[in-house]
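If you want the building blocks of each chain, they are given just below.
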Amino acid sequence: MKKKDLMPLIVLLLGMCLVVFIVYKTDTHEKEQKHTTAQLNVLTYGERIKNEITNGMEITDTLKQVLISENGEINQFDTIAGNLISDSVESIQLAPEGVVTDIYPAEGNEAGKIDLLHDKDRSRISCYARDNHTIITQGPFELKQGSYGIAVRNPVYLKDKNGQEYFWGFTIVILRVPDIFSNSIRALSNFGYEYRLSKTEAPWSSAYKVVYQSDSQMTLPASYNFTIGKENWKFEVTPENGWRNNALIVTVSTIFTAITLLLSGLTRVWLVSKENKNKFQILAHTDSLTGIYNRCGFDEEAEKMIDRNLKTHFVSALLDIDDFKFINDIYGHAYGDKALKSLADSMKTFFPPDTLLGRNGGDEFCLLLPNYTCEDAKELLLQFTKLPKTFSYKGKEQPFNISLGYAEYPTFASSHSQLMRCADAALYAIKLHGKNGCMAYREGLQSGVRKQLGFAFKDVSEHLPGAFIIYKADKDDDELFYANHEFLHMTGYKDMDELFRLTKKSFRNLIREDEQQMIESSIWEQIDSGNENDYIHFHLRKADGSNLSVLDHGRIVESQQYGKVFYVLFTDWEDMHIHYSDKFSG
């Protein structure tokens with residue numbers, strides 16, 4: 001064979017061998033990358049689904065605590081259940097001694113009043129929950145309304161006069177499937193995944209039953225296992241188009257079959273591979289919402305920075321948005337995300353370029369300042385804390401505040417993780433001192449002492465032994481903002497909506513008509529003279545049009561959200577005279 005024929009043949013054979021090798025490596029690499037991404041997604045959304053189910057189940061814990069605190073009695077069940085129910089909850093139920101007696105909402109759920117301990121489909125698992133003191137789930141089952149649901153039953157135990165524990169019954173919530181975790185599965189569908197959520201048929205069983213799944217079959221799925229109570233759950237995902245990227249294999253094969261394009265083809269595959277690898281590394285270490293490091297990426301980079309400069313001083317800070325839950329509740333999660341992004345953007349522009357920025361999760365952020373001591377960073381961090389921060393809502397800028405705690409390496413910490421714990425202790429110390437400020441770590445602060453922060457505004461207001469309202473401190477615009485349950489009960493309003501509707505959201509309309517001008521003049525006369533609003537006696541208009549003699553005590557408070565507002569506490573004048581007649585007669 002002539003040389004001109006032999007060399008092309010040798011090149012062709014070598015080229016084909018190279019094509020086979022490159023196709024094999026590309027296929028393996030793509031499958032590994034898909035597995036890595038799928039495992040990250042199944043872990044992230046599996047944990048999110050677990051939290052969403054657990055949050056739904058917590059309704060039973062709330063009812064349980066009410067029953068325990070009231071020794072097995074529960075008043076105004078419909079009102080309590082109405083406040084607890086959400087779009088993903090089908091119904092909330094009480095089952096004293098295992099027999100369902102109360103259901104909210106009642107309409108459409110009449111068939112749910114059954115004896116759980118003796119029903120052929122529910123008795124065994126209900127008895128297991130009762131005897132093992134554990135919360136259980138059962139389902140999914142078809143609801144009368146046409147969708148599917150999961151029943152959550154939480155056993156309640158009380159103590160008799162002799163201190164002996166006895167079984168009271170169950171608090172129950174019916175969660176709609178897939179509504180309870182619809183956001184997570186919608187996100188996975190958008191990312192191109194098939195999914196399946198399963199749980200053990202019963203706490204004593206190892207067999208799994210599908211709770212919800214997508215339409216297509218799953219091949220070698222990535223899975224995440226978690227436990228709720230004594231029941232095991234499994235969440236699985238697999239790419240819609242399978243693990244193999246057939247299009248890429250055909251492309252690579254076609255390119256490298258042409259011997260003349262061998263070099264350019266190899267270069268292209270290498271560049272594509274490198275680009276994909278960098279992209280996944282960025283995704284694994286970057287927070288998608290804010291564009292800064294996530295918890296994993298920040299920790300890795302911070303440890304590298306400290307390890308490379310062991311003798312350098314660093315200041316690490318933890319900060320979060322004050323009352324972030326209220327932003328989400330009032331404006332919605334989309335605007336909560338805007339607040340998070342606004343905070344991250346202000347961090348990027350305010351701090352030096354070599355500052356390491358990260359988002360720990362939720363509304364908590366972290367940063368690491370190299371070549372700083374606490375003394376050096378004090379003014380900088382204070383300035384950033386006081387810097388006005390806003391997010392846009394319907395064309396108007398809404399302000400929010402942050403709290404920040406910081407600590408110094410190596411003065412108070414010998415490692416990055418210890419440094420973060422010190423900063424965390426300082427953060428929660430400032431929380432306990434009223435929020436909206438910053439504090440440096442000092443000896444004696446302990447991270448994790450957060451019980452004082454455990455009471456939300458609603459908890460305090462709804463259980464405060466007194467009626468109060470909040471309204472705008474403006475002579476021309478006395479808009480009502482809030483009334484607690486005790487006030488609604490005192491005045492006969494069913495709920496806040498009825499109060500706002502009948503009073504047109506005006507404090508003036510709560511005063512008996514013939515007293516309105518006199519009472520308002522008295523209030524503002526005290527304010528204008530420099531005195532706080534003192535005790536004022538007048539007649540309060542109730543929902544049915546009747547009047548209630550009350551004594552009010554108000555105070556003006558500066559609210560960053562609403563400007564000046566009145567906090568007003570009411571006392572029933574007749575009750576006060578009845579209970580303290582000896583004081584008045586004296």
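To be clear, the structure that these remarks concern was listed above.
Residues numbered from 1 in each chain as written. Predicted model: local features only at pLDDT ≥ 70, side-chain atom pairs only at ≥ 80, totals over all residues. Heavy atoms only, no water.

Participant: When you look at the overall build of the chain in this model, what are you seeing that I'm missing?
Facilitator: Tallying secondary structure elements over the chain gives 17 helices and 21 strands in all. Once local pairs closer than 6 in sequence are excluded, the contacts in the chain between residues at least 24 apart make up 56%. With an accessible surface of roughly 31900 Å², the chain has 51% of that area assigned to carbon and sulfur atoms. (Helix = DSSP H or I, 4+ residues; strand = E, 2+ residues; numbered from the N terminus. Contact = heavy atoms within 4.5 Å. Areas by Shrake-Rupley, 256 points an atom, 1.4 Å probe, with all protein chains shown as cover.)

Participant: Would you mind going over the sheet that holds strand 3 (residues 136-142) with me for this structure?
Facilitator: Each strand in a sheet pairs with another by means of backbone hydrogen bonds, the pair being arranged parallel or else antiparallel. Taking strand neighbours across the sheet as the criterion, the five strands line up as 2-1-5-4-3 in an open arrangement whose pairing is antiparallel. Looking at strand neighbours, the two that pair on one side only are strand 2 (102-104) and strand 3, the edges of this open sheet. Looking at each pair of strands side by side, their axes are set apart by 20 degrees on average, direction ignored. Alignment of strand 1 (residues 89-96) against strand 2, held across three bridges, turns out to be antiparallel. (Pairing = 2+ DSSP bridges. Axes fitted to C-alpha atoms, helices over the stretch in contact; angles between N-to-C directions.)

Participant: I tried to follow the nonpolar core on my own but got confused; where do I start?
Facilitator: Note on soluble globular proteins: their nonpolar side chains tend to be buried together. Counting 41 residues, the largest nonpolar core has Ile53, Leu197, Phe235 and Val237 as the members making the most contacts within it. Beyond its immediate sequence surroundings of up to four residues, Ile53 is in contact with Leu175, Ile180, Phe181, Leu197, Ile228 and Trp233. Core analysis: the second largest hydrophobic core is formed by 30 residues, Tyr331, Leu343, Leu380 and Tyr393 among them. (Core = buried A, V, L, I, M, F, W, Y, C linked by side-chain atoms within 4.5 Å. Buried < 20%, exposed > 50% of the residue type's maximum accessible area, 1.4 Å probe, protein only.)

Participant: Please clarify how the packing of aromatic side chains should be interpreted in this entry.
Facilitator: By convention here, two paired aromatic rings are described through the distance between centres and the angle between planes. A full pass over the atoms with the stated rule returns 23 aromatic pairs. Between Tyr331 and Phe391, the ring centres sit 5.4 Å apart and the planes meet at 80 degrees, which makes this aromatic pair edge-to-face. Remark: Phe391 occurs in strand 13 (residues 389-393) and Tyr331 occurs in helix 8 (residues 324-331); sequence separation between them is 60 residues. Each of the two residues, Tyr331 as well as Phe391, counts as buried. Consider the rings of Phe350 and Phe351, whose centres lie 5.2 Å apart with planes at 80 degrees: the pair is edge-to-face. Under the relative-accessibility criterion, Phe350 is labelled partly exposed at 24%. Residue class for Phe351 comes out buried when judged on its relative accessible area of 5%. (Phe/Tyr/Trp six-rings, centres within 6.5 Å; stacked < 30°, edge-to-face > 60°.)

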